[in-house]
Amino acid sequence: MSNSNQFLCGRYHLDLTRPHVMGIVNVTPDSFSDGGRYASSQLALEHAMQLVAAGADILDIGGESTRPNAVPVSLDEELSRVIPVIERLAKEVDVPLSIDTYKPQVMREAVNAGAAIINDVRGLQEPGAMEVAAEGNAGVCLMHMKGVPQTMQQDPVYEDVVQEVKSFLLERMQATLAAGITAERIVLDPGFGFGKRTVHNIALLNALPELLELGRPLLVGLSRKSVLGQIIGSDVDQRLHASLAASVISAMKGGRIVRVHDVKATVDALKVVNAVINA
Ligand code: 7PM
């Protein structure tokens, strides 16, 4: 077993030799009722508990600030969405909690509230983010994105997408190591759908073995994404089977964490992958 499968995050030591499932928990205001903040916290908590019962190894909690085309969320709004949920979950569940944010203040308060992983779609490039990540012992996920969320899907162009993503991840990993964060606390993510067209996403999925040469575990987020919709021609609520195919392919090609909405189905699919990998 290679040491590069160990992922240290907070008080957790994950052995990623077995592919792990990260369940997505979105904390967003309920648009159908005026239930307010308490209602959306409650919904997120209940959803998170269901994902753990379904076998999630990690929970990724996000207040929607990182979403492409999303209405920008203010710092105070993002904090008031995610921090109460993290505080409660840290007491209720025994899996590492990840905070999906690029904002240093949200990272700091989330870690203080019990988050074990900082999942940053900007790869700790926001001023102050690297320092906050280095303060504690949280794990970090460094993701590649080309451009900025508002415009990144408007005809992104690459000469060689695999080399560009690989160089970027190497540079961010080196910056993170230089800040005093040890290699075992780092996972890398090619950032599917973040400034990539379908051909780029497919090329990256095929190139996971090459990205593994960077020496750290890879996190893959393809669940329900538009690249799958492009391939099968379905709306976002009809992408379960395509998402399962993507998770299976990711794990077979060396991906070590899959970030998904549909945890139970993914856990079952990856059990089949494991039976084959371990044979
Ligand atoms: C609209 C478009 C809504 C895209 C939500 C999304 C990733 C992530 C997201 C990923 C890591 C989603 C995305 N995607 N963090 N956050 N990797 N590390 O589908 O691929 O949830 S947001």
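Residues numbered from 1 in each chain as written. Predicted model: local features only at pLDDT ≥ 70, side-chain atom pairs only at ≥ 80, totals over all residues. Heavy atoms only, no water.

A.B. asks: Now, about the overall build of the protein: what can you tell me, with residues and values included?
C.D. replies: Counting secondary structure elements, the protein contains 10 helices and 10 strands. Over its C-alpha trace the protein gives a radius of gyration of 17 Å, about what one expects of a compact globule, namely 19 Å for 279 residues. The principal-axis extents of the C-alpha atoms in the protein amount to approximately 45 × 45 × 40 Å. Expressed as a percentage of the 279 residues in the protein, the buried residues total 52%. In the protein, the proportion of contacts linking residues at least 24 apart, taken out of those at least 6 apart, comes to 68%. When the accessible surface of the protein is totalled, it reaches about 12,300 Å², and 53% of it is carbon and sulfur. Looking at the protein, you have 25 positive and 32 negative side-chain charges, and the mean spots of the two groups are 3 Å apart. (Helix = DSSP H or I, 4+ residues; strand = E, 2+ residues; numbered from the N terminus. Rg over C-alpha atoms; globule rule 2.2 N^0.38 Å. Buried < 20%, exposed > 50% of the residue type's maximum accessible area, 1.4 Å probe, protein only. Contact = heavy atoms within 4.5 Å. Areas by Shrake-Rupley, 256 points an atom, 1.4 Å probe, with all protein chains shown as cover. Lys, Arg positive; Asp, Glu negative; His and termini not counted. Charge placed at Lys NZ, Arg CZ, Asp CG, Glu CD.)

A.B. asks: Could you give an account of the environment of His241, with specific residues and numbers?
C.D. replies: You can see His241 is positioned in helix α9 (residues 240-252). The class of His241 is exposed, set by a relative accessible area of 62%. Once the C-alpha coordinates of His241 and Asn278 are considered, the two residues, 37 residues apart in sequence, prove to be 24 Å apart.

A.B. asks: Break down the nonpolar core for me, with residues and values.
C.D. replies: Core analysis: the largest hydrophobic core is formed by 66 residues, its most contacted members being Leu59, Ile61, Ile86, Leu89 and Leu124. The residues contacting Leu59, other than those within four sequence positions of it, are Gly23, Val25, Ala48, Leu51, Val52, Leu89, Val93, Val95, Pro96, Leu97 and Ser98. The next biggest cluster of nonpolar side chains, apart from the first, holds 13 residues, and it includes Leu14, Leu16, Val187 and Ile257. (Core = buried A, V, L, I, M, F, W, Y, C linked by side-chain atoms within 4.5 Å.)

A.B. asks: Provide a residue-level description of helix α5 (residues 161-178), including the pertinent values.
C.D. replies: With 18 residues, α5 extends 26 Å between its outermost C-alpha atoms, agreeing within 8% with the 26 Å of an ideal straight helix rising 1.5 Å per residue. Listed in full, the buried residues belonging to α5 are Val161, Val162, Val165, Lys166, Phe168, Leu169, Arg172, Met173 and Thr176. End-on view of α5: buried residues confined to an arc of 165 degrees, all on one side of the axis. Against α4 (129-135), β7 (139-143), β8 (186-189), α6 (198-206) and α7 (208-211) lie the buried residues of α5. Phi for Gly180, located one or two positions after α5, is positive at around 100 degrees. (Expected span 1.5 Å × (residues − 1). Arc of directions from axis to C-beta.)

A.B. asks: Quick rundown of a nonpolar patch on the surface? Include the residues and the values.
C.D. replies: There is a patch of nonpolar side chains on the surface, built from Met252, Val272, Val276 and Ile277 and spanning about 370 Å² of accessible area. Top contributing element to the nonpolar patch by residue count: helix α10 (residues 263-277), with three residues. Residue placement: Ile277 occurs in helix α10. (Patch = residues over 30% accessible without salt bridge, like charges linked within 9 Å, V, L, I, M, F, W, Y side chains within 5 Å. Salt bridge = Lys/Arg side-chain N within 4 Å of Asp/Glu carboxyl O.)

A.B. asks: Residue-level account of the environment of Thr266, with values.
C.D. replies: Tracing the backbone through its elements, the reader meets Thr266 in helix α10. If near-sequence neighbours (up to four positions away) are discounted, Thr266 is found in contact with Val21, Leu244, Ser247, Val258 and Val260.

A.B. asks: So what's going on with the packing of aromatic side chains? Residues and values would help.
C.D. replies: Under the criterion given, the structure shown has zero aromatic pairs. Of note, Arg122 hangs over the ring of Tyr102, and the distance from its end group to the ring centre comes to 3.7 Å. Seen from the ring of Tyr158, Lys146 lies directly overhead, with NZ or CZ sitting 4.5 Å from the centre. (Phe/Tyr/Trp six-rings, centres within 6.5 Å; stacked < 30°, edge-to-face > 60°. Lys NZ or Arg CZ within 6 Å of the ring centre and 35° of its normal.)

A.B. asks: Account for the pattern of salt bridges, naming residues and giving values.
C.D. replies: Within this structure, the stated rule accounts for 15 salt bridges. In this structure, Arg259 engages Asp100 in a salt bridge whose closest nitrogen and oxygen atoms are separated by 3.3 Å. Residue Arg259 is found in strand β10 (residues 257-260), and its partner Asp100 is found in strand β5 (residues 97-100); the two are separated by 159 residues along the sequence. Arg259 gets classed as buried once you look at its relative accessible area, which sits at 14%.

A.B. asks: Explain α9 to me, using residue names and the numbers behind them.
C.D. replies: Across its 13 residues, α9 extends 18 Å between first and last C-alpha, which sits within 8% of the 18 Å expected from 1.5 Å per residue. Burial in α9 covers these residues: Ala242, Ser243, Leu244, Ala246, Ser247, Ser250 and Ala251. On its buried face, α9 is in contact with α6, α7, β9 (219-220), α8 (226-232), β10 and α10. Just past α9, the residue Gly254 takes up positive phi, approximately 105 degrees.

A.B. asks: Could you give an account of the packing of α5 against α6, naming the residues involved and the relevant values?
C.D. replies: Relative to each other, α5 and α6 sit at 65 degrees, their axes nearing to 9 Å. Put simply, α5 runs roughly perpendicular to α6. α5 and α6 meet at a crossing whose hand is right-handed. Side by side, α5 and α6 meet where Val161, Val162 and Val165 of the first sit next to His200, Ala203 and Leu204 of the second. Within the contact of α5 with α6, the residues separate by chemical class into five nonpolar, one polar and no charged. (Axes fitted to C-alpha atoms, helices over the stretch in contact; angles between N-to-C directions. Parallel < 35°, antiparallel > 145°, perpendicular 65-115°, else oblique. Left-handed = near helix turned anticlockwise from the far one by under 90°. Nonpolar A, V, L, I, M, F, W, Y, C, P; charged D, E, K, R; others polar.)

All we've got here are geometric facts, nothing functional implied.
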